[in-house]
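Here's the letter readout for the chains.
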Amino acid sequence: MRRVKRCVRVVAAVATLAGGMVSAGGSPAAAGGAAEAAAGVASGASAGVASEAAGVASRVAAGGASGAAAGASARSGIAWTACPAADRTDATPGQATPSRAARTECGAVRVPVDYRLPLGQSLTIAVNRIPATVPRDGGRYLGTMLVNPGGPGGSGRKLAEFVAGALPAELAGRYDIVGFDPRGVGGSSPAMHCVDPRTYYAPPRPDAVPADAAEEHVLLGRAQEYANRCAALYPWLLPHMTTADSARDMDRVRAALGQEKISYFGYSYGTYLGAVYATLFPQRVRRLVLDSSVDPGAVWYQANLNQDVAFDRRHRDFLAWVARHNDVYRLGRTEEQTSFAWYAMRARLREHPAGGVVGPSELDDLFSAGGYTDRLWPQLASLWSRYVRQGDVNGLLDGYDRLAGHGTEDENGYAVYLSVQCTDAPWPRDWAAWHADMAPLHRSAPFMTWPNAWYNAPCAFWPQPGGKPVDVRGRTDLPPILMVQSRGDAATPYQGALNLLRRLPTARMVVEGGGNHGISLSGNTCVDRHLVTYLSEGKAPRRTAVCPAVPEPRAVDRMAARRLHGQESLTQALSG
């Protein structure tokens, strides 16, 4: 699945648009839980990557000595301290208020690299906590809620502060809200980096839609290069980067927190992580919210093909919206005309990149953000119109930098994304099979098919083939589960959510009629009423509930800075 890095960066460019706030409308556990064995499968780097390699080698050498600490971590709890200033988000609109940021605590949990060797080499999982404001020994305390923004590769610590600020204060105060950076991500150690993004992603990159076999060969070489560099740096870690490993890490965090059970709130890929956790540790689940769900039967190659079709449909929704507002943007009166104008712009940028930076691949990255949330449509239409009608490249350059750039944090997310998805499940190892799928699909769904293929192509060269994914199944004695899904979601299509619903007998779904990705706490009051009821009382709807979509965005021809609305703030929090 094309990393919901776009979801993450984009859901950050958006939830802050509606203000990102919702109106109001345990005894210590034994460490462990169900100890299911992990089914692990088992060149020219930049100076920055070489430095990371040296650090990794040092950690490997120290692994034997520190491994016992991972086994003891759950027993000893977490040493909470004030968070470093760099880890706080108190200046970000719609996320944490200064008082809440001041209360945020940071810590770490050591976990085994390989759960078959619990006293062997270990990793550090970075965690943070916004503590409950009610007494923990009273009847109003609802326990701990872990959160995850998806990706894979997103930082849960940023999402924790967003959720704490977006929920009604009375409800947020009844939970310890805990974020964690999954293995390999952000503040966890080691944080994975496979290439120097300044060189590997130097724009303009080769066009993701190859014109001939020679161009396809160049793109294939880039994918193989990325896989080879990850293999050279992390041969000891890559076999242990599965979703099941992260679920076991979650249970180590639960035990270190001294909780018999935890609640969990996950977006996007975070829904798959939550479903895997509920499969492996059903007795540890208190409440489970899954927003924008992954199809557990399609991980991961087929999920990408499904996503290509859904993103193309959502891009056409955008083009139709632009056509309806031709009086503002002057790009065409019909979807057919705006489609012609968009692909003509893409072709021109192939020959003449805007500002020498935004070529067709950068344009794909930028406009894919609009597939996650329609709150960005006015901005995207405005910069497109100004480029076409006035020759103004500044909007494209600024938009690419804000919504689609490839910095160090982005590359970390991409390294983890590939490490998880390439290892979770089988991928075709023969590129001819990929080409046979992409070439015909591109003809019917040209917006995302080839860009998404190259995003995932390193999996064709990953050091070891992917293993067998967890068979996600919910037991009938699980507590009620709340699923939230938009009908037109491009990143996690609606049919996949229905497939997950069938596997979770205690789940109920709230369906929103729009097409945005990540809809809880993003400005839909109907959705948020169901969420608040569930988190406060544990009650899901008796049957599938339907909420109307939020109104379409208003057409505005400007790129001026403004207060983020709910969907944009959420996108920001999801991008980590």
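Structure: above.
Attention in this report is confined to the structure presented alongside it.

Quick notes on the rules
- Residues numbered from 1 in each chain as written.
- Predicted model: local features only at pLDDT ≥ 70, side-chain atom pairs only at ≥ 80, totals over all residues.
- Heavy atoms only, no water.
- Buried < 20%, exposed > 50% of the residue type's maximum accessible area, 1.4 Å probe, protein only.
- Helix = DSSP H or I, 4+ residues; strand = E, 2+ residues; numbered from the N terminus.
- Pairing = 2+ DSSP bridges.
- Right-handed = clockwise from strand over helix to strand, strands pointing away.
- Disulfide = S-S within 2.5 Å.
- Axes fitted to C-alpha atoms, helices over the stretch in contact; angles between N-to-C directions.
- Parallel < 35°, antiparallel > 145°, perpendicular 65-115°, else oblique.
- Contact = heavy atoms within 4.5 Å.
- Phe/Tyr/Trp six-rings, centres within 6.5 Å; stacked < 30°, edge-to-face > 60°.
- Lys NZ or Arg CZ within 6 Å of the ring centre and 35° of its normal.

**Brief notes about the pairing of strand β7 (residues 285-291)**
Here is the key point about a regular strand: its side chains alternate between the two faces of the sheet. The element β7 is extensively covered by neighbouring structure, given that six of its seven residues are classed as buried. Pairing between strand β6 (residues 262-267) and β7: five bridges, direction parallel. Note on β7: the bridge partner recorded for G266 is L290. Each parallel crossover has a hand, and the one from β6 via helix α9 (residues 269-280) to β7 is right-handed. The sheet contact formed by β7 and strand β8 (residues 481-486) spans four bridges and is parallel. Bridged to D291 within β8 is V484.

**Considerations on the state of the cysteines**
All told, the structure shown has four disulfides when counted by the stated rule. The disulfide partner of C526 is C547, and the S-S distance across this bridge is 2.0 Å. In this structure, the disulfide formed by C526 and C547 twists by about -70 degrees around the S-S bond and is classed as left-handed. One end of the pair, C526, is in helix α20 (residues 525-537); the other, C547, is in strand β10 (residues 545-547), and 21 residues separate them in sequence.

**Some remarks on the packing of helix α16 (residues 408-424) against helix α18 (residues 449-456)**
Here α16 crosses α18 at 80 degrees, and the two axes come no closer than 10 Å. Taken together, the axes of α16 and α18 lie roughly perpendicular to each other. Residues Y414, Y417, L418 and Q421 of α16 form the contact with α18, whose participating residues are W454, Y455 and N456.

**Observations regarding the side chain of D364**
Its location among the elements puts D364 in helix α13 (residues 360-368). Residue D364 is classed as buried on the basis of its relative accessible area, which comes to 5%.

**With respect to the packing of aromatic side chains**
A complete count under the given rule lists 28 aromatic pairs for this structure. Aromatic side chains Y414 and Y455 sit 4.8 Å apart centroid to centroid with 50 degrees between the ring planes, which places their arrangement in the tilted category. In this pair, Y414 sits in helix α16 while Y455 sits in helix α18, placing the two residues 41 residues apart along the sequence. Of the residues examined, Y455 reaches a relative accessible area of 10% and is grouped as buried. Each ring, one from W431 and one from W454, has its centre 4.9 Å from the other, and the planes form 20 degrees; the classification is stacked. Taken together, the residues W431 in helix α17 (residues 431-444) and W454 in helix α18 connect sequence positions 23 residues apart. Of the two residues, W431 and W454, both sit in the buried class. Through pairs of rings, three or more aromatic residues link up here, namely F318, W321, Y329, W342, Y343, F367, W377, W384 and F447. The lysine or arginine in question, R222, covers the ring of Y200, its NZ or CZ lying 4.4 Å from the ring centre. The residue whose ring lies beneath R487 is Y494, and the NZ or CZ to ring-centre distance is 4.9 Å.

Interpretation in functional terms is not warranted from these geometric data alone.
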